[in-house]
Structure formats: C-alpha cells, structure tokens
Amino acid sequence: MAINTLLRAMIIYMLVYSTAFAEIRQSTQLCEVLEEVKKSSNDTLVIFDVDFTLIQPRDYIFSHHAELDFENFNTVLKSKYNNEEVDDLLSLVWQHAQGKTVEENTLDTLRTIYAHCPNVLFLTAMDGGKYGVFPRLEDWRIEELTGYGFTLNLTLPDVSREELTQYLDEVTDQHAPLCKNGILLSSSLEKGRVLQAYLRHIGHKPRKIIFVDDLHRNIASVAKYCAEHDIEYVGFEYMAWKHWTAPHGPNPQRAQLQLEVLEKEKIWLSDAEAEHRLANLQPQT
C-alpha cells in the first residue's frame, strides 16, 4: 500500500510539474493571451509571430482558403523565370499588397500587454538582408510594422547575422537570421533554435516565456527550448486567421489579371483594383 501511494504521489507530482512549466493552447483571440500576461510577472518575455498573427494580407489569394491557388501562382512564376527574377516579382507583391491587423483591436491588445510585460519580442520567419527590390528585408519589416502602428521594443539588443551564426550550425549563405529593433528574424530556420541563440548571445534567461504563433511547429519548437532550459512556457497556437474570409471570393479571371499585371507592370493589384479593371474592360469585337 505504501509503495502504491508513493508511486501515485510521484506520478501526480510529475504531471503537475510538467504542465506547470510547458503548456500549449489553441486560441482565436489575443485577449486570451492578455489574460495569461496579466497572471504573469512583469519580467515575462512575451513573443509574437508577425504574419497571420499580428497582420495579414487582405486579398483572397493569400487567405487560408486559397493555399492551392497561391501554390499554383508560385509554380507559374517558377516555370517562366529564374530564382532571382521570381524573388524580384514576389518582393513586389510584398511591397504593394494591402494588409490589415488580424483582429480589429490587435493594436489595443498589444498596448495593454506592453503595460503589463514590457519585454515583448517579435519573432518572424522572414529572412534578413537583400531580397528582390528590398536592400534589407529587416528594414522593410520595421517600416511595415511601425506603419501599422505597432510599437517596437528598442530596449532589446540588436544582434547581427555574424553574431548569431556562431550558435547555429544550420546557417548557410541562404539564411540570414538577425535581430533589429526588437524583431528577431529566423530566416526560416527553427524558431526555437534561433530564439535560443539570441537569448544566449545577449545573456538572458527568462523565467517565463509566452509565445503566440499561427503554426503549431513553431509553438512546439519554442516549447522544446523552454523544456531543455527549465523555463516556464505557455504557447498559443493562434487560429484566428483561419476563420477570416476575404471580402472578395475566388475569381480565376481576377487572379489571372493580377498575375499578368505583376509581370508586365511590376505592381500588385488588390482584389478591388483588379475587379475594377475587369469591370471596365471593353469586349473585343
């Protein structure tokens, strides 16, 4: 009896210990993240993914419902142009595509989070350095986020690609992870590994991390880092973007026009602009 009681107590302790230090939840509203922040100490590190977590494009082809359409869009470009030319064209899409915050009150929620936990980091899969028409993608991302009204954490140390490279064996010429103005760019490398490299370089080990990302693999990646370093962790797999419906639904003619204009005029037409052009096209005789 005593042994069974002891084993039962040990199992309960292990379950409580594991859930107390690492928890992953699904969420469709950032207010749920805010509630967790309010329960946390003010030295908690709060991390947000950017694309489809804070901001998202307005056009149908970038929505969750059009993943196959966007894949076909890329396939067409790659069949006609070399890699550098494809990068140039896709960078023009990034430059011109109109976007929005994922939730109407995203900015207000983040301001409240900053008031409780000022250590806020943005962690994006984007590359650093030159890409297409952008001399430095990190500068464009900074300009983009500040343009939406986001406050960047200028107290977090900047770290160059060269400084992060020493901690990341998988870095190649094709990847340029770095941190600037509170934005950590993972360059499509595993986010947990890049975060580990960044925190190791600046000599900081948080007691608790809250991380919000739309992709489960990224949430799990940071969970692994926290588990290995005894850091309390709550990860939110953010699902709101999957429920968003673009104002304009699927339209093959519109998508074809957007592609043609991108190739010929080197601009990206929004859904509304493309449909306006389609409506004003004169029938051929």
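In this report, the structure presented in the accompanying data block is examined. As the structure is a prediction and not an experimental result, all values here were calculated from the model. (Residues numbered from 1 in each chain as written. Predicted model: local features only at pLDDT ≥ 70, side-chain atom pairs only at ≥ 80, totals over all residues. Heavy atoms only, no water.)

All right, on to the overall build of the protein then. Scanning the protein from N- to C-terminus turns up 11 helices and nine strands. Scored against the burial criterion, the 285 residues of the protein give a buried share of 45%. Looking at the protein alone, contacts between residues at least 24 apart form 72% of all its contacts between residues at least 6 apart. Carbon and sulfur atoms make up 53% of the accessible area of the protein, which totals about 15200 Å². (Helix = DSSP H or I, 4+ residues; strand = E, 2+ residues; numbered from the N terminus. Buried < 20%, exposed > 50% of the residue type's maximum accessible area, 1.4 Å probe, protein only. Contact = heavy atoms within 4.5 Å. Areas by Shrake-Rupley, 256 points an atom, 1.4 Å probe, with all protein chains shown as cover.)

With that settled, the discussion passes to the environment of Phe52. Tracing the chain through its elements places Phe52 in the loop between strand S2 (45-48) and strand S3 (55-57). On the basis of relative accessibility, which here comes to 23%, the residue Phe52 falls in the partly exposed class. Sequence separation between Phe52 and Lys100 is 48 residues; the distance between their C-alpha atoms is 9.8 Å. Aside from chain neighbours lying at most four places away, what touches Phe52 is Pro57, Phe62, Val102, Asp214, Tyr238 and Trp241.

Our focus in this paragraph is unusual backbone geometry. A positive phi angle is found at Asn181, which is not glycine, with a value near 55°. The residue Asn181 is located in the loop between strand S6 (178-180) and strand S7 (183-185) in this model.

Bringing the sheet that holds strand S8 (residues 208-213) into the picture now. Read from one edge of the open sheet, seven strands run S1-S9-S8-S2-S5-S7-S6, paired in mixed fashion. At either margin of the open sheet sits one strand with a lone partner, and together these are strand S1 (22-27) and S6. Taken pair by pair, the neighbouring strands of this sheet meet at an average axis angle of 20°, ignoring direction. Of the pairings in the sheet, the one linking S6 to S7 comprises three bridges and is antiparallel in character. Note on S7: the bridge partner recorded for Leu178 is Leu185. Those strands touched by helix H9 (residues 216-228) are S1, S8 and strand S9 (232-238), and its axis lies near 170° from that of S8. (Pairing = 2+ DSSP bridges. Axes fitted to C-alpha atoms, helices over the stretch in contact; angles between N-to-C directions.)

Interhelical geometry of helix H2 (residues 30-38) versus helix H5 (residues 106-116) gives an angle of 10° and a closest axis separation of 10 Å. The orientation of H2 relative to H5 falls into the category roughly parallel. Of H5, the residues touching H2 (which contributes Leu30, Cys31, Val33, Leu34, Val37 and Lys38) are Thr106, Thr109, Leu110, Thr112, Ile113 and His116. By residue class, the composition of the contact of H2 with H5 is seven nonpolar, four polar and one charged. (Parallel < 35°, antiparallel > 145°, perpendicular 65-115°, else oblique. Nonpolar A, V, L, I, M, F, W, Y, C, P; charged D, E, K, R; others polar.)

Let us look at the packing of aromatic side chains. As enumerated under the stated definition, the model contains nine aromatic pairs in all. Members of the aromatic cluster, each reached through a chain of ring pairs, are Phe62, Phe70, Phe73 and Trp268. (Phe/Tyr/Trp six-rings, centres within 6.5 Å; stacked < 30°, edge-to-face > 60°.)

Another aspect to go through is the environment of Phe73. Among the structural elements, Phe73 can be located in helix H3 (residues 67-80). On the basis of relative accessible area, Phe73 is assigned to the buried category, the value being 6%. With sequence-adjacent residues up to four places away left out, Phe73 is seen in contact with Ile61, Leu90, Leu259, Leu262 and Trp268.

Counted as a void, the largest pocket has a volume near 1600 Å³. Lining the largest pocket are 49 residues, and of these Asp51, Phe52, Phe70, Trp94 and Ala125 sit closest to its centre. Going through the elements one at a time, S3, H3, helix H4 (83-96), helix H6 (137-148) and H9 are the ones with two or more residues in the lining of the largest pocket. Tallied by class, the residues present in the lining of the largest pocket amount to 20 nonpolar, 13 polar and 16 charged. By volume, the second largest pocket is sized at about 260 Å³. Together, 15 residues line the second largest pocket, and Ile61, Asp69, Pro252, Ala255 and Gln256 are the ones closest to its centre. Of all the elements in the fold, those that place two or more residues in the lining of the second largest pocket are H3 and helix H10 (252-265). Of all the elements, H10 adds the most residues to the lining of the second largest pocket, at six residues. Residues that form the lining of the second largest pocket fall into these classes: eight nonpolar, four polar and three charged. (1 Å grid on protein atoms, 1.4 Å probe; cavity = no way out; pocket = protein on both sides within 12 Å on 5 of 7 lines; lining within 4 Å. Points joined across faces, edges and corners; volume = space filled by probe spheres on them.)

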